[in-house]
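The lines below spell out each chain.
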Amino acid sequence: MSNFEPVRWRWSHFKHHGHTAFDDPHDFEIVIRKPTDLFFFFSHFIPFASILIFHKSPQFETIKHAIGIKTNVIKQCIPLKEHLKCQYSAMIHVFIWIIIILISIFYQTWLPILYIILPGFYGQSLISLFGLMQHTGLQENIKDHRFSTRTVYLNPIFSFLYWHMEYHTEHHMFPTVPSYNLSKLHLAIKDQMPPARKGLLGAYKEIIPAIFKQVNDPNYKIKLKVPL
């Protein structure tokens, strides 16, 4: 539903966990980089707004990979022997999109497009609401995940929708722990972690002021109380 091509995301996510929010090597899964582009940031919360910046979308990247363009994420994240596999996977995705569009035209119905292609555009708001609270405004280029990653307490419904990934610092520190056990892990190491934010409101109360400050001061970062 997010239209993420799996070969690319497997390798970029591998690097994301090893070098979270690093500039060198570049972490391609950190969406908001400094200095902050406010229009780009807030567009993530508006359904279909991503169409206005389609050139930055994962769908556009998949199209480029499908036609053989080797983007920086391929060059820097994916082993050479996997390049062709990534291209073939991207070609399959694009082929599916084309077939879905043709089926919709043939049967004169929006439903196939609505259910398969468009969720990544009109569902962007929910995806971003959770995703952008993971790292935005925190430190970069530091190996200690407690400084670059945010844990947030969510209500049971949001926690279910987010697959318990709100315990994101714990997930980065111990990525092999199943998502349904992250809450237990959190309790086990809670005394060694910065305080968790309370709900989406608690997270964005520190994120939004931070990104406004980072527009003019790229070196600004949210100060955390991290046990030594």
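Colleague: Just checking my understanding: could you explain the overall build of the protein chain for this structure?
Modeller: Of the regular secondary structure elements, the protein chain holds 13 helices and two strands. In terms of overall dimensions, the protein chain has C-alpha extents of about 60 × 40 × 40 Å along its principal axes. Counting over 228 residues, the protein chain shows a buried share of 46%. The long-range fraction of contacts in the protein chain, counting pairs at least 24 apart against all pairs at least 6 apart in sequence, stands at 62%. Of the accessible surface of the protein chain, which amounts to about 13,000 Å², a share of 68% is contributed by carbon and sulfur atoms. For the protein chain, the distance from the average site of its 23 positive side-chain charges to the average site of its 15 negative ones is 2 Å.

Colleague: Explain the packing of helix α1 (residues 6-18) against helix α5 (residues 83-107) here, please?
Modeller: Two quantities define a packed helix pair, namely the angle between the helix axes and the distance between the axes. The geometry of α1 relative to α5 is characterised by a closest axis approach of 8 Å and an angle of 130° between their N-to-C directions. In terms of orientation, α1 and α5 fall into the oblique class. Contact residues: α1 offers P6, V7 and R8, while α5 offers K85, C86, S89 and H93. Partitioning the contact of α1 with α5 into residue classes produces three nonpolar, two polar and two charged.

Colleague: Teacher, can you tell me more about the pattern of salt bridges here?
Modeller: Opposite charge on two side chains allows them to pair when their charged atoms are near. Scanning the entire structure with this criterion turns up six salt bridges. Here K85 and E82 are joined by a salt bridge, their closest N and O atoms 3.9 Å apart. The class of E82 is buried, set by a relative accessible area of 13%. A single network of salt bridges, built from pairs that share partners, joins R150, R197 and E206.

Each value, and the rule that gives it
Residues numbered from 1 in each chain as written. Predicted model: local features only at pLDDT ≥ 70, side-chain atom pairs only at ≥ 80, totals over all residues. Heavy atoms only, no water. Helix = DSSP H or I, 4+ residues; strand = E, 2+ residues; numbered from the N terminus. Buried < 20%, exposed > 50% of the residue type's maximum accessible area, 1.4 Å probe, protein only. Contact = heavy atoms within 4.5 Å. Areas by Shrake-Rupley, 256 points an atom, 1.4 Å probe, with all protein chains shown as cover. Lys, Arg positive; Asp, Glu negative; His and termini not counted. Charge placed at Lys NZ, Arg CZ, Asp CG, Glu CD. Axes fitted to C-alpha atoms, helices over the stretch in contact; angles between N-to-C directions. Parallel < 35°, antiparallel > 145°, perpendicular 65-115°, else oblique. Nonpolar A, V, L, I, M, F, W, Y, C, P; charged D, E, K, R; others polar. Salt bridge = Lys/Arg side-chain N within 4 Å of Asp/Glu carboxyl O.

No statement about biological role is implied by the geometric values presented.
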